[in-house]
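What the coordinates show
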Amino acid sequence: MKLKSMTGFGRAEVSNDQYRLSVEVKSVNSRFLDLSIKMPKKFNALEANIRNTVKEYISRGKVDLFITYESFSEKRKALRLDLPLAKEYLESMRTLVNALGVEDNVKVTNLASLPDVLVLSEESEDDDALWESLKPSLTGALERFSETRVMEGENLQKDLLGKLAEMEAIVNRIDARSPEITAAYEARLRAKVSELLEGTGIDEARIVQEVTIYSDKICTDEERVRLHSHIKNMRTKLQNDGLVGRELDFVAQEMNREANTTLSKANDLIVSEDAIGLKTLIEKIREQIQNLE
């Protein structure tokens, strides 16, 4: 399964001498599948079929599906007789005749004109036949919809892989910079001690102790190892395709945690700037990941 964006659009239409039926599908980001269907009442009985078909193509996203239908043929009418109701009317009228002692002049035409005895209505359509009419437009729209999501997914993949390469370059710079920070601190410490002692002997053990304490305080080895691991993991998931949006969102959160710790430990302007750059890239990555299914 290819990487897909949650943003997409698709439309399909079937038209013949009897009707024109079109289906339109569009979606935006959502944590879960949120499907809204707008359709003529005649398709209400098919809602379960429609939802199940949509789920074959979509697992996440706020999806709006529109069905429009225009009939070119004359609507068939059916005359329906409610015989039990007519009998009730007749019995009630005879009771009234007997109670009032009036002439019984009830005719069939009188009964037929009473409410709901004869009802003219449209003949109901067979649900199976209606579904066979709708299905080609529905699947056609969903196929086009999926195509646009795959195209957008490819663009997102390319953008995210580029940002991961930028992140990796920054982490590599911090890797190279870390030993230099400790060495620079030791040089400053020795210069300061020499200045204070005015050339007398320097306590090497104390210098080593101070440098070790400082090195431990600013050490970001664990954070950098994790960042390299997260970058590799995200790159692999992106290149393997599939439904990875939720997984990548979690990985991005972990990346942000390590970048924050790196920034808090940084006692160096260059590392601080790089850590801020990492945080900026991670935020951009998280925004893009929100678009992935």
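Residues numbered from 1 in each chain as written. Predicted model: local features only at pLDDT ≥ 70, side-chain atom pairs only at ≥ 80, totals over all residues. Heavy atoms only, no water.

1. Things to note about the packing of aromatic side chains
- The full count for this structure, using the stated rule, is two aromatic pairs.
- Between the aromatic rings of Tyr 19 and Tyr 69, the centroid separation amounts to 5.6 Å while the plane-to-plane angle is 25 degrees, which identifies the pairing as stacked. With a gap of 50 residues between them, Tyr 19 in strand β2 (residues 19-28) and Tyr 69 in strand β4 (residues 61-71) connect regions that are remote in the sequence.
- Each ring, one from Phe 43 and one from Tyr 69, has its centre 5.6 Å from the other, and the planes form 75 degrees; the classification is edge-to-face. Placement of the pair is Phe 43 in the loop between β3 (33-38) and α1 (47-55) and Tyr 69 in strand β4, with a sequence separation of 26 residues.
- The partly exposed category is assigned to Tyr 69, whose relative accessible area is 24%.
- An aromatic cluster of three or more residues is present, and its members are Tyr 19, Phe 43 and Tyr 69. (Phe/Tyr/Trp six-rings, centres within 6.5 Å; stacked < 30°, edge-to-face > 60°. Helix = DSSP H or I, 4+ residues; strand = E, 2+ residues; numbered from the N terminus. Buried < 20%, exposed > 50% of the residue type's maximum accessible area, 1.4 Å probe, protein only.)

2. Topic: the pattern of salt bridges
- The tally for this structure, following the rule as stated, stands at 14 salt bridges.
- For Arg 149, the salt bridge is made with Glu 293, and the minimal N-O distance between the two is 3.5 Å. With a gap of 144 residues between them, Arg 149 in helix α4 (residues 127-197) and Glu 293 in the segment after α8 (269-289) connect regions that are remote in the sequence. There is no split in this pair, since Arg 149 and Glu 293 are both buried.
- A salt bridge links Arg 173 to Asp 274; its shortest N-O distance comes to 2.8 Å. Of this pair, Arg 173 sits in helix α4 while Asp 274 sits in helix α8, placing them 101 residues apart in sequence. (Salt bridge = Lys/Arg side-chain N within 4 Å of Asp/Glu carboxyl O.)

3. Some remarks on the sheet that holds strand β1 (residues 8-15)
- Taken in spatial order, the four strands make up an open sheet running β1-β2-β4-β3, and their pairing is mixed. With one partner strand each, in any of the chains shown, β1 and β3 form the two edges of the open sheet. Put simply, the sheet's adjacent strands are angled 10 degrees from each other on average, direction ignored.
- As paired elements, β3 and β4 share six bridges and run parallel to each other. If you follow Ser 36 over to β4, its bridge partner there is Asp 64.
- Seen against the sheet, α1 touches β3 and β4 and runs at an angle of roughly 140 degrees to β3. (Pairing = 2+ DSSP bridges. Axes fitted to C-alpha atoms, helices over the stretch in contact; angles between N-to-C directions. Contact = heavy atoms within 4.5 Å.)

4. Topic: the side chain of Asp 274
- What makes Asp 274 buried here is its relative accessible area of 10%.
- Among residues more than four places away in sequence, those in contact with Asp 274 are Ile 170, Arg 173 and Ile 174.

5. A closer look at the layout of surface pockets
- Of the pockets and cavities examined, the second largest pocket occupies roughly 190 Å³.
- If you go around the second largest pocket, the residues you meet are Met 6, Asn 29, Ser 30, Arg 31, Phe 32, Arg 60, Gly 245, Arg 246, Asp 249, Ile 289 and Gln 290.
- Of the residues assigned to the lining of the second largest pocket, the class counts are three nonpolar, four polar and four charged. (1 Å grid on protein atoms, 1.4 Å probe; cavity = no way out; pocket = protein on both sides within 12 Å on 5 of 7 lines; lining within 4 Å. Points joined across faces, edges and corners; volume = space filled by probe spheres on them. Nonpolar A, V, L, I, M, F, W, Y, C, P; charged D, E, K, R; others polar.)

6. Structural notes on a nonpolar patch on the surface
- Taken together, the side chains of Leu 79, Leu 81, Leu 83 and Leu 118 define a hydrophobic patch exposed on the protein surface, amounting to about 390 Å² of accessible area.
- Within the secondary structure, Leu 79 sits in strand β5 (residues 77-81). (Patch = residues over 30% accessible without salt bridge, like charges linked within 9 Å, V, L, I, M, F, W, Y side chains within 5 Å. Areas by Shrake-Rupley, 256 points an atom, 1.4 Å probe, with all protein chains shown as cover.)

7. Focus: the pairing of β1
- The pairing of β1 with β2 spans eight bridges and is classified as antiparallel. Bridged to Arg 11 within β2 is Glu 24.
- Joining the antiparallel neighbours β1 and β2 is a turn of three residues.

8. Some details on the confidence of the model for the protein chain
- Confidence along the protein chain averages 85 in pLDDT terms, with 82% of residues attaining 70 or more.
- Within the protein chain, α1 carries the highest mean pLDDT (96), whereas helix α5 (residues 204-218) carries the lowest (62). (pLDDT = per-residue confidence, 0-100.)

9. So, helix α6 (residues 221-240)
- For α6, which comprises 20 residues, the first-to-last C-alpha distance of 29 Å matches the rise-based estimate of 28 Å (1.5 Å per residue) to within 8%.
- At the exit of α6 stands Gly 242, carrying a positive phi of roughly 95 degrees. (Expected span 1.5 Å × (residues − 1).)

10. Structural notes on α8
- End to end, α8 covers 30 Å across 21 residues, agreeing with the expected 30 Å (1.5 Å per residue, within 8%).
- Here α8 has its buried residues at Val 271, Ser 272, Asp 274, Ala 275, Leu 278, Leu 281, Ile 282, Ile 285 and Ile 289.

11. Things to note about the environment of Leu 281
- By the element assignment, Leu 281 lies in helix α8.
- When the C-alpha atoms of Leu 281 and Leu 164 are compared, they prove to be 8.3 Å apart, with 117 residues separating the residues in sequence.
- Once residues within four sequence positions are removed from consideration, Leu 281 is found in contact with Lys 163, Glu 166, Met 167 and Ile 170.

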